[in-house]
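Per-entry structural report
So the chains spell out like this:
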Amino acid sequence: MQYFRNIYQSLSTIFTGMKVTLKHLFEPAVTIQYPDVRLTLPERERNRLYVNMDDCIGCDQCARACPVNCITIETVKSLPTEDLGKTSNGKKKVLWVTEFEIDFAKCCYCQLCVFPCPTECIYMTDVFEFSEYNRDNLKYNFSTLTPEEIVEKKENFAKFEAEKARLKAEEAAKKAEAAKLAAEKNTEAVQPKKEN
Amino acid sequence: MIYDFLFELTGSEFLAGLIQSLLPLFLFILPFALFAVWWERKISAHMQDRLGPMRVGWHGWLQTIADILKLLQKEDIVPRDVDKPLFNLAPVLVFMGSYAVFAAIPFSGAFIGSNIDLGLFYIVAVSGIVVASILMAGWASNNKYSLLGAMRSAAQIISYEIPTMIVVVTIVMITGTLNLYTLSEMQTGYFWNWMIFGGPGFGVDKFLFIPLMIIAFFILYISTLAEVNRTPFDIPEAESELVAGYHTEYSGMKFAMFFLAEYANMFAVSAIVSAVFFGGYQSPFGYLGNTLGIEWLIPIEQFFWFTAKGLFFIFVQMWLRWTLPRLRVDQLMALCWKYLIPISFVNLLIVGLITVL
């Protein structure tokens, strides 16, 4: 009896299974043809970062927020004579950003760098296909300055500093001189009085 | 017959025979294998709600040609410790075994490789070469997985030949012939003359045969499915247990030979099932050539029906493959020895009694 029940059970379960697979044969596919067809990304997707250098004031807040230290920022102060313009939300730019590098091999896409930015110049894009054969190619440099410009800015600033230091020193020297002179005069002036 | 036509054309028996023997390979098996691999991938994909290959040609129909080109270019790796002559011989033998089966299969009324009286018997016998060569491949590979797969395959094919043979004997008792051409010719006319509906003639026995024939058909279908090592009987190449079974060590064109042999085998057993139970190349509703009075159209129609039936059974094989999980070794043996063989034997006895009465 068990024998016939086994036969019946196996045949009926096979037919049930085949019915299911046949039904699925005519169902539309749930997959998409990826590189040709793409799903719309969610509203708050987190992908590759982008920095709009026109707005960056070089405040280093994003680099400090980064939990994996993948952002490297280096800045040089601008000269008082140079006008760097204003950011789109009206902040005055005072620093040359000589280096702004994000290493996407390290980046964990946590978006923590996006929120502290005072000018909202660092944000997530919708680019997520940027694999590379070489790890170094994942280091993205956002600085808009050319290497020569960077050298120039640094030299400018160094010169300016030197100039300032020299002026200061001169001033200090002058002051010291003046003070000395004054002191001498004083003593000369006082001396005769005493004599009187 | 194609042979006579070729004989007249070339004037040489040897050339006519050679061309005739090569025809099914180049006109049928190779295109079929290319098509079937693609078809299987598409069917499996759609059954899993995917799309499958889509990039090479329309819906990826050129995918297999690209794959074959890749396989042809691949390095032919022969591991150091294999038994080289046997290792190289095995894929050829596997393909030869499955190709030899096609000699006795009637593709249409005008084309049968060799119209021998022992057709069915020849097919069952010659497919034994496949067992030997699979075992050869497994043993020569000098790899534990290959050997295990080959042993399983041998055990499986030998066991499942018994129910196949018993069903064949059942058919022989009714029809009195082992010749597949005669067998197909007997089932001419309309579909109620097919063996699954009791064969030609309108006696009481025809209606008695119908349930018995359906049982016989199921047994033949299941056991031939097991003989070609397809899921749910694919334990010889169970990839989750045995890497790839007996063709683990093969690469490039030798692997392609195993692949080709598998698909050729699939069609061969489907052709046998359709020839034995479903009228072979016979149309289910008469021929267009007869109604129009065009003589030469009939063999072409017959070829169409033969291919259509074969492809339908292959579709069912693929359908089963993507439905059922793989059987365990003990379940496999239990199915054969405890269920298929007793049932087919009882079936044989009843059919014998009816034919005697």
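Above this note sits the structure.
Once a new chain begins, its residue numbering starts again from 1 and follows that chain's sequence as written. Going through the entries in the order they are written, you letter the chains from A and number the ligands from 1. The predicted nature of this model means local features are confined to residues of pLDDT at least 70 and side-chain atom pairs, given and counted, to a pLDDT of 80 or more, with totals for whole chains, interfaces and linings taken over all residues. The side-chain numbers reported here are obtained from all heavy atoms of the structure, hydrogens and water having been left aside.

To define a nonpolar core, start from buried Ala, Val, Leu, Ile, Met, Phe, Trp, Tyr and Cys residues and group those joined through side-chain atoms within 4.5 Å. Accessible area is worked out with a 1.4 Å probe on protein chains only. A residue is then buried under 20% of its type maximum, exposed over 50%, and partly exposed in between. Phe102, Leu120, Phe217, Phe267, Val276 and Phe277 of chain B are the most contacted members of the largest nonpolar core, which totals 92 residues. Helix numbering and strand numbering both begin at the N terminus, where a helix is a DSSP run of H or I of at least 4 residues and a strand a DSSP run of E of at least 2. Ranked by residues supplied to this core, first place goes to helix α11 (residues 252-277) of chain B with 14 residues. Look past the residues within four positions of phenylalanine 267 of chain B in its chain and what remains in contact with it is Phe28, Phe32, Phe102, Phe306, Gly310, Leu311 and Ile314 of chain B. In this structure, Val97, Cys113, Val114 and Phe130 of chain A belong to the second largest nonpolar core, which totals 25 residues. We call two residues contacting when some pair of their heavy atoms lies within 4.5 Å.

Looking now at the environment of valine 130 of chain B. All names here are of chain B. Following the sequence through the fold, valine 130 ends up in helix α6 (residues 128-140). On the accessibility criterion, valine 130 (5% relative accessible area) is buried. Sequence separation between valine 130 and serine 153 is 23 residues, and the spatial gap between their C-alpha atoms is 9.9 Å. Residues contacting valine 130, with those up to four places away along its chain left out, are Val94, Gly97, Ser98 and Asn265.

The next subject is the packing of helix α9 (residues 204-227) of chain B against α11 of chain B. Residue and element names in this part refer to chain B. Helix axes are fitted to C-alpha atoms over the stretch in contact, other axes to C-alpha atoms as well, and angles between N-to-C directions run from 0 to 180 degrees. Relative orientation of the contacting elements α9 and α11 amounts to 170 degrees, with a least axis distance of 10 Å. Put simply, α9 runs roughly antiparallel to α11. Contacts between α9 and α11 pair Met213, Ala216, Phe217, Leu220, Tyr221 and Thr224 from the former with Val269, Val273, Val276 and Phe277 from the latter. Here the residues of the contact of α9 with α11 are counted per class, giving 9 nonpolar, 1 polar and no charged. Should an angle lie under 35 degrees it is considered roughly parallel, over 145 roughly antiparallel, and from 65 to 115 roughly perpendicular; all remaining angles are considered oblique. Polar here means any residue other than Ala, Val, Leu, Ile, Met, Phe, Trp, Tyr, Cys and Pro, which are nonpolar, and Asp, Glu, Lys and Arg, which are charged; Gly is therefore polar.

So, on to the interface of chain B and chain A. The partner chain A presents 19 residues to the 20 residues of chain B that form the contact. Carbon and sulfur atoms make up 66% of the surface buried where chain B meets chain A, a total of about 1,700 Å² over both sides. When two parts are put together, the accessible area they lose, computed with a 1.4 Å probe and summed over both, is reported as buried area. Of all residues in chain B, Asp49, Trp319 and Tyr339 of chain B give up the largest surface area on contact with chain A, accounting jointly for 35% of the area buried on that side. By salt bridge we mean one thing: a side-chain nitrogen of Lys or Arg within 4 Å of a carboxyl oxygen of Asp or Glu. Inspection of the region where chain B meets chain A yields 1 salt bridge.

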